[in-house]
Amino acid sequence: MTTASPVLTIDDLTVQYRARGRTVTAVSDVTLTLAAGECLGLVGESGSGKSTIGAVVQGILPADGSVTATGAVAIDGRPLVPVTDPAWREIRGRAVTTVFQDPMRSLDPTMRIGRMLDRYTGSADASAEALERVQIRDPRLVLRKYPHQLSGGMRQRIMIALALSRKPSILVADEPTTALDVSVQAEVLTVLKEAASDAGCGVIFVTHDLGVAHHMCDRLAVLQRGRVVEQGPVDEVIGAPTHEYTRRLMASRLTLDLDRSRPVGPVDDAVVAAMADAGAESTVPADLTRRWDAGELTWDAFVGETAALGAATGTPPAHLVSHVTRTSLSLNGISKSYRGHGRGKRGLHQVLHDVSLEVGYREAVALVGESGSGKSTTLKIAAGIEKPDAGTVSRQGVAGEGTQVVFQDAGASLTPWLTVEQILLERIEHTRTGAVLSKEARLALAAKTIGLVGLPPEVLAARPTQLSGGQQQRVAIARAVAVPPSVLLCDEPTSALDVSVACSVLNLISLLRHSLGISVLFVTHDLAAARLIADRVAVMTAGRIVETVPGERLAHDLTTEYGRRLVDASLA
Amino acid sequence: MLSFTLRRLASVVGVVLFLALAVFALGKVGNADPVRTYIGANASAEQVEQARAELGLDDPLLTQFWNFLTGAVQGDLGISLSTKHAIADDLSTRLPATLELAGWALGFAVILAVVLAAVAALGGKVAAVLRFVFFSAASAPAFLVAMLGVLVFYQAWGLLPASGRTSYGVYDDSTGFYVIDGLLHASPLYAADAIGHLILPAVAAGLAPGVALARVLSDGLGASMSSPFARTARAMGESETTILRRHGLRNASSPALSMLAVQAGLMVSSLVVVEQVFAWNGLGTYLANAIAAGDFNAIAAVSLILGVVYVVLNALVEVALAAVDPRVRLG
């Protein structure tokens with residue numbers, strides 16, 4: 001793959017951002033090379049500096065002094081001073097082009113595709129050819145469309161066509177498929193790989209997803225806090241990671257063959273200890289919880305030991321019941337339509353067709369589907385946020401407090417001007433059980449709950465914006481379970497989080513579910529996450545539940561064509 | 001696009017009907033007696049009887065409203081209680097005067113807004129200065145700007161006229177729009193003179209709306225210039241000016257268009273003041289006199305006309321919104 005002259009060399013690159021008198025180092029001493037026709041993956045979690053390196057190569061960082069950089073960059077053998085070199089203006093959009101993450105908003109909504117492309121290809125014929133190269137079947141028709149008339153996958157293909165239309169030496173792909181559904185993701189990646197290799201340009205592939213990187217890249221550079229911790233051919237890095245951080249990333253990958261009986265991902269001792277302390281009053285003894293969380297116990301052993309203890313103390317064991325005995329939530333024949341936006345003539349757009357779903361007492365059910373499948377609408381109806389057009393919802397108040405929702409964007413779901421303690425108190429005061437408690441008891445419950453979700457007590461005094469994404473999601477979960485609901489409704493609670501953080505949140509939800517004895521309805525696009533959390537997985541597409549299978553044997557038991565497609569996409 | 005336009009126009013008819021009803025009702029619920037306004041407080045009972053019949057006040061209310069409506073459609077707006085003339089005749093020169101002034105004021109406001117917003121969007125120190133200008137100019141009421149304009153450009157420097165619409169006479173076949181008259185008669189001097197008379201009042205009436213518009217446009221531009229599609233254009237190597245022209249302005253224009261309709265409505269009240277300051281014999285002056293005289297017929301007629309103009313303008317803005325944004329048009 002390597003050729004004599006690399007299209008890109010980066011030597012000792014360090015990049016610092018300056019904001020409000022503080023200097024943050026985003027990239028330190030990074031050295032990389034990229035050959036023509038090669039795909040180099042930059043892998044890491046948020047804050048690893050991977051996108052900053054991409055931005056330096058694109059030459060789109062502001063040269064107004066807010067960003068400073070040292071080191072050397074050469075593109076096509078031409079040396080450039082990073083960030084400040086006036087020559088970036090000629091490089092940008094010519095030698096280097098980019099495919100961004102968000103295809104829904106990266107194209108001008110007021111402009112036809114043809115008008116966008118013609119500017120760079122020169123003619124409508126050339127634009128049509130450019131679309132053919134990204135495997136768009138009816139290019140002439142698509143050229144006449146506006147972006148909002150096309151799907152996310154189509155738009156991302158157009159972004160690729162747009163980027164390659166300039167015949168660049170380097171294509172920067174910044175999380176190009178993260179915003180797409182799994183089944184579309186694989187297609188777009190293939191298109192990107194083939195089109196870039198036909199064009200003979202080098203690709204910088206920025207991603208947080210090791211699986212995607214494995215599929216796409218020839219070489220990988222793993223980044224942590226701005227530094228390259230490991231670099232090499234993709235099979236070596238993935239097959240035999242040498243750095244501890246790479247191993248952590250590998251361990252955080254959610255796959256369909258994970259052992260469901262153990263916590264997933266790297267387990268942090270401090271978190272385990274905090275959870276165990278908080279769990280002391282729960283019906284599951286703390287040391288059992290700790291051992292389960294640390295991975296010392298198999299699922300069967302955990303169930304056996306809690307059951308034995310429960311029988312001895314006369315308290316019912318708060319854990320999974322092997323078969324559903326009672327129903328916590330049931331949806332019967334739910335239909336729902338929304339008014340089509342834009343003109344009224346289009347009338348109603350039906351998002352749910354006769355959906356029926358039961359969540360048993362202490363059962364966890366996952367609802368899996370792609371965007372537009374109606375899974376989030378189902379959750380909103382279960383929560384009572386939306387009213388169904390037809391059908392009934394019944395919620396059994398086992399714990400007496402109905403349902404609580406944990407949303408994807410925890411930051412947005414927490415009131416920004418309240419402290420975490422006030423947020424928890426607000427919830428506690430508005431429940432029947434919480435309302436009768438004394439002030440002291442409420443404070444104690446808030447403190448206990450924050451420990452239960454694995455956060456230190458200092459967090460109580462903080463405001464949501466001072467917390468990381470993972471901490472915010474834990475606070476959102478704490479608010480939901482401070483007074484345990486009978487059903488915890490989770491809407492993609494881990495999708496916006498880094499992989500290792502996502503694992504710990506999944507572990508937390510599993511743990512809480514068992515220790516508090518609550519039911520869970522878990523809405524996700526991620527089959528592997530669904531399989532980890534849920535006893536049963538219901539697959540949804542186009543507003544209907546097409547099949548329901550046990551979580552454990554998800555990969556084997558899904559039989560519908562749609563279900564198989566999801567499994568295949570997740571395996572690839 | 002055509003069906004969209006037709007549907008908007010259909011809704012205009014409904015709104016105007018309702019407006020006519022409201023304006024008519026307003027004249028009926030007032031406690032001033034229109035007859036007394038018409039013939040004076042000392043008229044005899046017999047004269048009152050006669051005047052009531054003349055004004056059609058003896059008819060049932062429904063008939064009165066029907067007459068008002070059918071009259072209005074045919075251009076008969078009734079008789080002014082204070083000038084004793086047909087209101088339509090009174091307005092035949094005043095309506096064009098106001099429309100001409102309002103048109104120029106709006107035109108000035110739009111140009112000012114685009115220039116201010118574009119300069120601000122491209123950033124730099126100029127942007128900071130402009131933000132200061134935004135705030136100070138937006139807080140100045142129209143009459144203050146008008147008086148300052150008169151003091152500086154008329155009294156101190158003698159550059160611009162400060163009253164009336166023209167220094168010459170009026171053409172016999174005048175359209176009522178003097179600039180157009182000048183052009184129609186191939187008299188650039190006449191047109192230039194009319195424009196000279198328009199500058200100060202148009203700036204006075206258009207400055208605050210222009211600044212308000214600029215702020216909306218500027219916010220919209222800020223959002224679209226930092227949007228992912230602007231980033232795409234940047235990554236494709238486009239310059240900031242090209243991005244502004246090709247992507248920025250169009251995407252920022254939707255909220256600005258809505259604001260334009262709001263500002264056009266608000267401008268009516270500032271025109272009443274501005275016309276007084278510049279002795280501009282238009283609707284504003286007429287309306288001010290009618291209010292002072294308690295002339296409900298004239299108030300109703302002027303309100304109806306202004307209402308129709310406003311509603312039509314709003315419908316046009318909605319059509320323009322659909323033209324600008326394909327998502328509105330194509331759903």
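Note that this is a predicted model, so its numbers are computed, not measured.

Basis of the calculations
Residues numbered from 1 in each chain as written. Chains lettered and ligands numbered in written order. Predicted model: local features only at pLDDT ≥ 70, side-chain atom pairs only at ≥ 80, totals over all residues. Heavy atoms only, no water. Helix = DSSP H or I, 4+ residues; strand = E, 2+ residues; numbered from the N terminus. Buried < 20%, exposed > 50% of the residue type's maximum accessible area, 1.4 Å probe, protein only. Areas by Shrake-Rupley, 256 points an atom, 1.4 Å probe, with all protein chains shown as cover. Pairing = 2+ DSSP bridges. Axes fitted to C-alpha atoms, helices over the stretch in contact; angles between N-to-C directions. Contact = heavy atoms within 4.5 Å. Domains from an automatic or database assignment. Buried area = accessible area lost by both parts, 1.4 Å probe. Expected span 1.5 Å × (residues − 1). pLDDT = per-residue confidence, 0-100. Salt bridge = Lys/Arg side-chain N within 4 Å of Asp/Glu carboxyl O. Polar contact = N/O pair within 3.5 Å; in protein donor to acceptor, adjacent residues only side chain to side chain. Patch = residues over 30% accessible without salt bridge, like charges linked within 9 Å, V, L, I, M, F, W, Y side chains within 5 Å. Phe/Tyr/Trp six-rings, centres within 6.5 Å; stacked < 30°, edge-to-face > 60°. Lys NZ or Arg CZ within 6 Å of the ring centre and 35° of its normal.

Notes on the overall build of chain B
- Each helix and strand in chain B was counted, giving 14 helices and zero strands.
- Seen in sequence order, chain B has helices and strands lined up from the N terminus as α-α-α-α-α-α-α-α-α-α-α-α-α-α.
- Overall, chain B is about 85 × 55 × 40 Å in size when its C-alpha atoms are taken along their principal axes.
- Counting across all 331 residues of chain B, residues that qualify as buried make up 44%.
- As displayed, chain B offers around 16100 Å² of accessible surface, 68% of which is attributable to carbon and sulfur atoms.

Thoughts on the sheet that holds strand β2 (residues 22–34) of chain A
Residues and elements named next belong to chain A.
- The four strands lie next to each other as β2-β1-β4-β5, forming an open sheet whose pairing is antiparallel. The open sheet has two free edges, formed respectively by β2 and β5 (78–80), since each of these has just one partner strand. For this sheet the average axis-to-axis angle between neighbouring strands, irrespective of direction, equals 10 degrees.
- Relative to strand β4 (residues 67–75), strand β1 (residues 8–19) runs antiparallel, the two sharing eight bridges. Considered in β4, the bridge of Ile-10 is made with Val-73.
- Most of the contacts of helix α1 (residues 50–58) go to β1, to which it runs at about 110 degrees, and overall it touches β1, β2 and β4.

Thoughts on the domain arrangement of chain B
Residue and element names in this part refer to chain B.
- Domains assigned within chain B are domain 1 (2–73) and domain 2 (87–330).
- The gap between the C-alpha centroids of domain 1 and domain 2 is 31 Å.
- The interface of domain 1 with domain 2 comprises 17 residues on the first partner and 17 residues on the second.
- Summed over both partners, the interface of domain 1 with domain 2 buries about 1400 Å², with 84% contributed by carbon and sulfur atoms.
- Summed over the three residues of domain 1 that lose the most area to domain 2, namely Phe-4, Arg-8 and Val-23, the buried surface amounts to 32% of that side.

Some remarks on helix α7 (residues 182–199) of chain A
- Between its first and last C-alpha, α7 of chain A extends 26 Å over 18 residues, near the 26 Å set by a 1.5 Å rise per residue.
- Positive backbone phi, approximately 70 degrees, marks Gly-200 of chain A, located one or two places after α7 of chain A.

Quick word on the confidence of the model for chain B
- On average, chain B scores 86 in pLDDT, and the residues at 70 or more come to 98%.
- Of all secondary-structure elements in chain B, the lowest mean pLDDT belongs to helix α6 (residues 125–138) of chain B, at 75, while helix α10 (residues 228–235) of chain B reaches the highest, 92.

Quick notes on the interface of chain A and chain B
- Contacts between the two partners involve 32 residues from chain A and, on the opposite side, 20 residues from chain B.
- For the pair chain A and chain B, the summed buried area comes to about 2500 Å², and 55% of that belongs to carbon and sulfur atoms.
- For chain A, the biggest contributors to the area lost against chain B are Thr-110, Arg-119 and His-148 of chain A; these three give 22% of the whole.
- Applying the counting rule to chain A against chain B returns one salt bridge.
- The residue Glu-238 of chain B makes a salt bridge to Arg-119 of chain A at a minimum N-O spacing of 2.5 Å.
- Linking chain A with chain B are 10 residue pairs in polar contact (both at pLDDT 80 or more).

Some remarks on a nonpolar patch on the surface
All names here are of chain B.
- On the surface, Phe-143, Leu-144, Met-147, Leu-148, Leu-151 and Val-273 cluster together into a nonpolar patch covering about 510 Å² of accessible area.
- Looking at where Leu-148 falls in the secondary structure, it is placed in helix α7 (residues 142–156).
- Given a relative accessible area of 49%, Leu-148 falls into the partly exposed group.

Some points on the pairing of strand β19 (residues 544–550) of chain A
Residues and elements named next belong to chain A.
- Judged from the six bridges that link them, strand β18 (residues 536–541) and β19 form a sheet pairing that is antiparallel. Counted as the bridge partner of Thr-541 is Arg-544 from β19.
- Between β18 and β19, which pair antiparallel and follow one another directly, the connecting turn spans two residues, one of which, Ala-542, has a positive phi of 45 degrees.

A word on the domain arrangement of chain A
Residue and element names in this part refer to chain A.
- When the domains of chain A are assigned, the result is domain 1 (9–251) and domain 2 (327–337 + 349–571).
- Computed over C-alpha atoms, the centres of domain 1 and domain 2 are 34 Å apart.
- At the junction of the two partners, domain 1 supplies eight residues and domain 2 supplies nine residues.
- Summing both partners gives a buried area of about 900 Å² for domain 1 against domain 2, and 47% of it is carried by carbon and sulfur.

Things to note about the packing of aromatic side chains
- Tallying each qualifying case throughout the model produces six aromatic pairs over all chains.
- Between the aromatic rings of Tyr-168 of chain B and Tyr-190 of chain B, the centroid separation amounts to 6.0 Å while the plane-to-plane angle is 25 degrees, which identifies the pairing as stacked. On the criterion of sequence distance, the pair formed by Tyr-168 of chain B in the loop between α7 and α8 (178–184) and Tyr-190 of chain B in helix α9 (residues 188–225) is long-range, its members being 22 residues apart.
- Relative accessible area serves as the criterion here: at 4%, Tyr-190 of chain B is assigned to the buried category.
- By way of ring pairs, the aromatic residues Tyr-168, Tyr-171, Tyr-178 and Tyr-190 of chain B are connected into one cluster.
- Over the ring of Tyr-178 of chain B we find Arg-165 of chain B; its NZ or CZ atom is 3.8 Å from the centre of that ring.
- For Arg-231 of chain B, the ring lying beneath its charged end belongs to Phe-100 of chain A, and the centroid distance is 3.8 Å.

Overview of the pairing of strand β8 (residues 202–207) of chain A
Residues and elements named next belong to chain A.
- Within β8, six of the six residues are buried, which leaves it mostly tucked inside the rest of the structure.
- Along β8, one buried face is formed by Gly-202, Ile-204 and Val-206 and the opposite face, lined by Val-203, Phe-205 and Thr-207, is buried too.
- In this sheet, β8 lies alongside strand β3 (residues 39–43) in parallel orientation, the contact comprising five bridges. What sits directly across from Leu-42, in β8, is Val-206.
- Two strands pair when backbone bridges link them, and strand β7 (residues 170–174) and β8 are joined in this way by five bridges, in the parallel orientation. Note on β8: the bridge partner recorded for Leu-171 is Val-203.

A few points about the sheet that holds β3 of chain A
All names here are of chain A.
- On the basis of which strands lie adjacent, the open sheet formed by six strands has the order β6-β7-β8-β3-β9-β10 and mixed pairing. Bordering the open sheet on either side are β6 (96–99) and β10 (227–233), each of which pairs with just one other strand. Shown here is a sheet whose adjacent strand axes are inclined to one another by a mean of 20 degrees, direction ignored.
- With six bridges joining them, strand β9 (residues 219–224) and β10 adopt antiparallel strand pairing. Within β10, the position partnered with Leu-220 by the bridge is Gly-232.
- In the packing of α1 onto the sheet, the strands contacted are β3, β6, β7, β8 and β9, and the crossing angle to β7 comes to about 150 degrees.

Quick notes on the pattern of salt bridges
All names here are of chain A.
- By the definition in use, this model includes 19 salt bridges over all chains.
- One salt bridge in this structure joins Lys-50 and Glu-175, with 3.9 Å as the shortest N-O distance. Taken as a pair, Lys-50 in helix α1 and Glu-175 in the loop between β7 and α7 lie far apart in primary sequence, 125 residues in all.
- Judged by relative accessible area, which is 8%, Glu-175 ranks as buried.
- We note a salt bridge from Arg-513 to Asp-535, for which the minimum N-O separation is 2.6 Å. Placement of Arg-513 in helix α20 (residues 499–516) and of Asp-535 in the loop between α21 (527–533) and β18 is noted, with a sequence separation of 22 residues between them.
- What makes Arg-513 buried here is its relative accessible area of 5%.

Observations concerning the environment of Ser-197 of chain A
Residue and element names in this part refer to chain A.
- Along the chain, Ser-197 falls in helix α7.
- You can call Ser-197 partly exposed: its relative accessible area is 47%.
- Along the chain, Ser-197 and Ile-545 lie 348 residues apart, while their C-alpha atoms are 40 Å from each other.

Structural notes on the side chain of Thr-98 of chain B
- Along the polypeptide, Thr-98 of chain B turns up in helix α5 (residues 87–121).
- Aside from chain neighbours lying at most four places away, what touches Thr-98 of chain B is Leu-271, Glu-275, Trp-280, Gly-282, Leu-283 and Gly-284 of chain B.

Topic: unusual backbone geometry
All names here are of chain A.
- Of note, the phi angle at Lys-167 is positive, near 50 degrees, even though the residue is not glycine.
- Of note, Lys-167 is situated in the loop between α6 (152–164) and β7.
- Here the phi dihedral of Ala-542 falls at roughly 45 degrees; this positive angle occurs in a residue that is not glycine.
- Within the secondary structure layout, Ala-542 lies in the loop between β18 and β19.

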